[in-house]
Amino acid sequence: MISQLFLNSLIAGSIYALIAIGFAVIYKTVKFFHFAHGAVYASGAYIAYTFFQILQINFIVSFFLATISAGIIGLGIYQLVYHTLQLKKVPNLIYLLASFGVFIFIQNLIALIYGSQVLIIRSGLGESIYSFLGAAITLTQITIIVISLTTLIALWIFIEKTKLGLALRAVADDSQAAQLVGIDSLRLTQVSFFIGSILAGVAGVLISLDTNLSPTMGLTAIFKGLIACIIGGIGSIPGAVVGGFFLGFVENFGIWYISSIWQDSISFVVLIIFLIFRPRGFFGIIPEKELI
């Protein structure tokens, strides 16, 4: 039982970490909550469904096209909505309202195009069950873990070892100082939205392999991603990863003692505990006045 719970926690945590780290990458450059991130997550899953199930394109190609499309959608949201608001120098509350508006619009657009019924992506990986340290795991779940961990490692290498990654970190730390040394803050913000949205797309496609698709799937995703970010520390990319896996383990081990219908409630209890006793999470360094 412990092995199975650990494995389930790893699967859930890897998805939460992908959502949270994409959320954190964007937050670090714009300093407001991009709630439409959940809609980008859902869009990635539905675009993958379109390419793979409807157009019958190879799954690997469909996966790549869906994640790139999610990146383009996220970049489009920034350019059409947030950048326009930035030029008008509106307060952070306006960004929050705008992000909710974009989220609702995309969610309703998905329901209009695909309908409200539950859809399934049949990847063709098969549902053969394997045994690992006494726990049961399917090939689909193995794929989710491998792709999630590979993506997280690749992102870490990009941020820590490349010039573009270093420039992103500089803009995140102080955009005005970065501009003084010749870094194009606008271009780097666009890059952060593109990368963060690709991560949301990856998470959306992966979770759709193991569960069903519904137009409202982005709402749960953004709440879990936000909770993971708060646990790890708003604005901390390593914290987002830790928070995602921490939330995955707490949820799955928590439902060992109580019914699984309380899984989401466990997440919010953890959130409240952190907000009361450690509002900056494990690694947060962002001043409270910026958490608006």
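Residues numbered from 1 in each chain as written. Predicted model: local features only at pLDDT ≥ 70, side-chain atom pairs only at ≥ 80, totals over all residues. Heavy atoms only, no water.

Novice: It is not clear to me how the overall build of the protein chain should be interpreted in this structure. Could you clarify?
Specialist: The helix and strand inventory of the protein chain stands at 11 helices and 2 strands. Reading the protein chain from its N terminus to its C terminus gives the helix and strand order α-α-α-α-β-β-α-α-α-α-α-α-α. Here the C-alpha radius of gyration of the protein chain, 19 Å, is about what a compact globule of 292 residues would show, namely 19 Å. In terms of overall dimensions, the protein chain has a C-alpha envelope of 55 × 45 × 35 Å along the principal axes. Scored against the burial criterion, the 292 residues of the protein chain give a buried share of 50%. Of all intrachain contacts in the protein chain linking residues separated by at least 6 positions in sequence, the fraction that spans at least 24 positions is 74%. (Helix = DSSP H or I, 4+ residues; strand = E, 2+ residues; numbered from the N terminus. Rg over C-alpha atoms; globule rule 2.2 N^0.38 Å. Buried < 20%, exposed > 50% of the residue type's maximum accessible area, 1.4 Å probe, protein only. Contact = heavy atoms within 4.5 Å.)

Novice: Help me understand the packing of aromatic side chains in this model?
Specialist: Note on aromatic pairs: each is described by the distance of the centres and the angle between the planes. A complete count under the given rule lists 20 aromatic pairs for this structure. Between Phe6 and Phe249 the ring centres are 5.2 Å apart and the planes differ by 70°, which places this aromatic pair in the edge-to-face class. You can see Phe6 sitting in helix α1 (residues 2-30) and its partner Phe249 sitting in helix α10 (residues 237-254), a full 243 residues away along the chain. Both rings, one in Phe32 and one in Tyr95, keep their centres 4.5 Å apart while their planes meet at 5°; by these two values the pair is stacked. (Phe/Tyr/Trp six-rings, centres within 6.5 Å; stacked < 30°, edge-to-face > 60°.)

Novice: For this particular structure, what's the right way to read the nonpolar core?
Specialist: Membership of the largest hydrophobic core comes to 90 residues, with the highest contact counts inside it found for Tyr41, Tyr82, Leu206, Leu213 and Met217. The dominant element in this core, judged by the number of residues it contributes, is α1, at 16 residues. Excluding anything up to four places from it in sequence, Tyr82 contacts Phe32, His34, Ala36, Ile77, Tyr95, Ser99 and Phe193. (Core = buried A, V, L, I, M, F, W, Y, C linked by side-chain atoms within 4.5 Å.)

Novice: I tried to follow the pairing of strand β2 (residues 135-138) on my own but got confused; where do I start?
Specialist: Looking down a regular strand, the side chains alternate between one sheet face and the other. Examined bridge by bridge, strand β1 (residues 129-132) and β2 share 4 bridges and lie antiparallel to one another. Bridge pairing in β2 links Ile129 to Thr138. Linking β1 to β2, which pair antiparallel, is a turn of 2 residues; within it Leu133 sits at a positive phi near 55°. (Pairing = 2+ DSSP bridges.)

Novice: Sorry, what's going on with the environment of Ser197 here?
Specialist: Along the chain, Ser197 falls in helix α8 (residues 185-210). When the C-alpha atoms of Ser197 and Gly44 are compared, they prove to be 9.0 Å apart, with 153 residues separating the residues in sequence. Sequence-distant contacts of Ser197, that is, excluding residues within four places in its chain, are made with Ile26, His37, Val40, Ala70, Gly71, Gly74 and Leu75.

Novice: So what exactly am I meant to see when it comes to the packing of α1 against helix α5 (residues 139-161) here?
Specialist: Two numbers describe a pair of packed helices, the interaxial angle and the distance between the axes. One can describe the packing of α1 onto α5 by two numbers: an axis separation of 9 Å at closest approach and a directional angle of 40°. Comparing the axis directions of α1 and α5 gives the class oblique. Between α1 and α5 lies a crossing whose hand is left-handed. Between α1 and α5, the contacting residues are Leu7, Leu10, Ile11, Ser14, Ile15, Ala17, Leu18 and Ile21 on the first element and Gln141, Ile144, Ile145, Ser148, Thr151, Leu152 and Leu155 on the second. Residues belonging to the contact of α1 with α5 are distributed by class as follows: 11 nonpolar, 4 polar and no charged. (Axes fitted to C-alpha atoms, helices over the stretch in contact; angles between N-to-C directions. Parallel < 35°, antiparallel > 145°, perpendicular 65-115°, else oblique. Left-handed = near helix turned anticlockwise from the far one by under 90°. Nonpolar A, V, L, I, M, F, W, Y, C, P; charged D, E, K, R; others polar.)

Novice: Got a minute to help me understand the packing of helix α2 (residues 37-54) against helix α9 (residues 217-232) in this structure?
Specialist: For the pair α2 and α9, interaxial distance at closest approach is 8 Å and the crossing angle is 130°. Judged by the inter-axis angle, α2 sits oblique to α9. Crossing angle aside, the handedness with which α2 passes α9 is right-handed. Residues His37, Gly38, Tyr41, Ala42, Ala45 and Tyr46 of α2 form the contact with α9, whose participating residues are Met217, Gly218, Ala221 and Ile222. Its residues assigned to classes, the contact of α2 with α9 shows 7 nonpolar, 3 polar and no charged.

Novice: When you look at the side chain of Gln107 in this model, what are you seeing that I'm missing?
Specialist: Looking at the element boundaries, Gln107 is found in helix α4 (residues 92-114). Ignoring anything within four residues of it in the chain, the contact list for Gln107 reads Pro215 and Thr216.

Novice: Before we go on, may I ask you to explain the pattern of salt bridges in this structure?
Specialist: For side chains bearing opposite charge, pairing can occur when the charged atoms are close. The full count for this structure, using the stated rule, is 1 salt bridge. For Glu251, the salt bridge identified is with Lys224, shortest N-O distance 3.0 Å. With Glu251 in helix α10 and Lys224 in helix α9, this pair connects stretches of sequence that are 27 residues apart. A single burial state applies to Glu251 and to Lys224, both of which are buried. (Salt bridge = Lys/Arg side-chain N within 4 Å of Asp/Glu carboxyl O.)

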